[in-house]
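Geometric and topological summary
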Amino acid sequence: MHRAQTLALLLAAGLLCSGCSSGTISSNYRPVEDLMLVQTIGVDRAPEGVCLSASTGRVGENEPPQRMTQTGETVLAALDRLQDRTPNAELFYAQTSYLLLGEEAAAAGELAPLLDFIARNPDMRLSAPLFLVQGAAAQQAVMDTGDDRTDVTEALAALQKDTALSGTSHAFSCADIARALAGKPEILILDDSASAAVGAVACVRTPESEGSKLALAPAGYAIFRGGDYLGCIAPETARGASMLLGVVTNGDIAVRDGDGSTVMLTLDTCRAAIRPVWDGGTLARVDVTLRLRAGISELRTPRRITAQAYQDELNAALAACVGGWVRDALAASQALEADFLGVGQAVAVRSGRRWAAIRDGWAELWPDVPVRVTVDADVGRTYDLRDGIDTTGGGR
């Protein structure tokens, strides 16, 4: 196994949370007045080894965020240099909200060492979300996002809330990512064939009317296999992946009705199921089924929305839209030869001994497995006020 540096690290996921339960003072206790809380950390490659960037968020009502960056041969060395240049306060990382990994660092294999460091260091949090910065260095995102009132932390918090509804990315924690890359959670060792999706963000500029400031936008998912960075899938494809991963169940979706008019739907529920179909001892195909329930939230053109024929149009449009996202996500998974959607796990749960026969060869088998996608959509709520007084009927 390439890099059997142990994400046995993840055993620390539980251990790191146990500090206060015994009633003793945690080993990383510090007087709060002496601390400078680091909210976001960015990690990049540097000629010397590692470049770390850090931002504190808003320190006080009238104090701007503090931003700093240093390099070192290792992450710990860079952290020490950050501290050396902050003599008036002790940098405190136990409340870090986000970590960012530059795309170049990801391509150089820095994800696994970073996760390993976070798990081993008692001042770091495996529960902190980790994002990849697509097409840029994490340093740019940390040092240049925001102004003298806001920083990258606030931008990431807003993005996390937005993507929780849209599904165009997701804030997976360091622990989530490490577990996925371990492949076999019972042994928690980096598996060269195990894959994971990591939320991706991109640095963008706001319009000139808004000051042309650097901001962050969802950039889909970065895909890793065995710690190796394979590339990113686009935000629309990521929406399908999020549905299969079970990290988004609602949000707004735009569809077009039979006349080409845009209709905004609000997704109420989304349930995905993956079922293997066997032919003897051979995996014939995988059936992926999604069941959606949504309501009409906005009409651009007046329609008789309670008519069954119109609701059937919307059902078909919603099924086609979501089905396209899901098929694209599955196609990307197979093209990258990376089962980051957990299809193998679903097959294992439903297959018992037959799965045992193909488990070791799953990474090679998955790209060629036929997949059938079925979407059952029900735009069941019209929000038509007239339905309540029975003037039109047909609403559900």
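Treat the numbers as computed from the prediction; the structure is a model and nothing was measured.

1. What about the overall build of the chain?
A count of helical and extended segments in the chain gives 12 helices and 14 strands. The long-range fraction of contacts in the chain, counting pairs at least 24 apart against all pairs at least 6 apart in sequence, stands at 67%. Summed over its atoms, the accessible surface of the chain is roughly 18,500 Å², and 50% of this surface lies on carbon and sulfur atoms.

2. As for the side chain of Asp 151
Secondary-structure assignment places Asp 151 in the loop between α5 (138-144) and α6 (152-166). Buried within the structure, Asp 151 lacks any salt-bridge partner; Arg 67 is the closest side chain of opposite charge, at an N-O distance of 5.7 Å. Within the structure, the side chain of Asp 151 is placed 3.1 Å from the backbone nitrogen of Thr 153, a separation counted as a polar contact.

3. Considering empty space enclosed by the protein
Inspection of the entire model under this criterion finds 1 cavity of 30 Å³ or more. Computed from the structure, the largest cavity encloses a volume of approximately 50 Å³. Around the largest cavity, the lining residues are Ile 41, Val 43, Leu 52, Val 75, Leu 79, Leu 99, Leu 114, Phe 117, Ile 118 and Met 124. Elements represented by at least two residues in the lining of the largest cavity include exactly β2 (40-46), α2 (75-84) and α4 (111-120). Ranked by residue count, the leading element in the lining of the largest cavity is α4, at 3 residues.

4. Considering the packing of aromatic side chains
For the structure shown, the criterion picks out 5 aromatic pairs. Aromatic pair Trp 362 and Trp 366: ring centres 5.6 Å apart, planes at 25°, arrangement stacked. Here Trp 362 and Trp 366 have matching classes, each one buried. Feature note: the residues Trp 355, Trp 362 and Trp 366 constitute an aromatic cluster, connected by ring pairs.

5. Some remarks on the pairing of strand β13 (residues 282-299)
Put simply, side chains in a regular strand alternate between the two faces of the sheet. Pairing between strand β12 (residues 262-279) and β13: 16 bridges, direction antiparallel. Counterpart to Thr 269 in the pairing with β13 is Arg 293. A loop of 2 residues connects β12 with β13, the two strands running antiparallel in sequence, and Gly 280 in this loop sits at a positive phi of about 70°.

6. Thoughts on the sheet that holds strand β8 (residues 195-205)
Sheet architecture is open: 8 strands sit in the order β4-β3-β2-β6-β7-β8-β9-β10, paired in mixed fashion. Strands at the two margins of the open sheet, each flanked by one partner only, are β4 (67-72) and β10 (228-233). For this sheet, the mean inter-axis angle between neighbouring strands, taken without regard to orientation, is 30°. One ladder, built from 5 bridges, connects strand β9 (residues 214-225) with β10; its direction is antiparallel. In the sheet register, Arg 225 faces β10, and the bridge partner there is Asp 228. Along the sheet, helix α8 (residues 235-245) makes contact with β9 and β10, crossing β9 at roughly 55°.

7. Comments concerning the pattern of salt bridges
If you walk through the whole model with that rule in mind, you get 10 salt bridges. A salt bridge links Arg 120 to Asp 116; the shortest N-O distance between them is 2.6 Å. A residue pair is termed a helical-turn pair when its members lie 3 or 4 positions apart in one helix, as Arg 120 and Asp 116 do in helix α4 at 4 residues. Between Asp 378 and Arg 293 there is a salt bridge, and its shortest N-O distance comes to 2.6 Å.

8. Digging into the packing of α8 against helix α9 (residues 308-335)
With their axes 7 Å apart at the nearest point, α8 and α9 run at an angle of 90° to one another. One finds that α8 runs roughly perpendicular with respect to α9. Touching Glu 236, Thr 237, Arg 239, Gly 240, Ala 241, Met 243 and Leu 244 of α8 are Val 322, Trp 325, Val 326, Asp 328, Ala 329 and Leu 330, all from α9. Looking at side-chain class alone, the contact of α8 with α9 contains 8 nonpolar, 2 polar and 3 charged residues.

9. Concerning the environment of Ala 377
For Ala 377, the location among the structural elements is in strand β14 (residues 371-381). With residues near it in sequence (within four places) discarded, Ala 377 still touches Leu 292, Asn 315, Leu 318 and Ala 319.

10. Focus: helix α10 (residues 343-351)
Considered for burial, the residues of α10 that qualify are Val 343, Gly 344, Ala 346, Val 347 and Ser 351. With its buried residues spanning 160° around the axis, α10 presents them on a single face. Exposed side chains of α10 directed beyond 90 degrees from the buried face belong to Gln 345 and Val 349. Where α10 ends, the next residue or the one after it, Gly 352, has phi of about 55°, a positive value.

11. Here we look at the environment of Asp 328
Within the fold, Asp 328 resides in helix α9. Exposure remark for Asp 328: the relative accessible area of 43% places this residue in the partly exposed category.

What counts, and at which threshold
Residues numbered from 1 in each chain as written. Predicted model: local features only at pLDDT ≥ 70, side-chain atom pairs only at ≥ 80, totals over all residues. Heavy atoms only, no water. Helix = DSSP H or I, 4+ residues; strand = E, 2+ residues; numbered from the N terminus. Contact = heavy atoms within 4.5 Å. Areas by Shrake-Rupley, 256 points an atom, 1.4 Å probe, with all protein chains shown as cover. Buried < 20%, exposed > 50% of the residue type's maximum accessible area, 1.4 Å probe, protein only. Lys, Arg positive; Asp, Glu negative; His and termini not counted. Salt bridge = Lys/Arg side-chain N within 4 Å of Asp/Glu carboxyl O. Polar contact = N/O pair within 3.5 Å; in protein donor to acceptor, adjacent residues only side chain to side chain. 1 Å grid on protein atoms, 1.4 Å probe; cavity = no way out; pocket = protein on both sides within 12 Å on 5 of 7 lines; lining within 4 Å. Points joined across faces, edges and corners; volume = space filled by probe spheres on them. Phe/Tyr/Trp six-rings, centres within 6.5 Å; stacked < 30°, edge-to-face > 60°. Pairing = 2+ DSSP bridges. Axes fitted to C-alpha atoms, helices over the stretch in contact; angles between N-to-C directions. Parallel < 35°, antiparallel > 145°, perpendicular 65-115°, else oblique. Nonpolar A, V, L, I, M, F, W, Y, C, P; charged D, E, K, R; others polar. Arc of directions from axis to C-beta.

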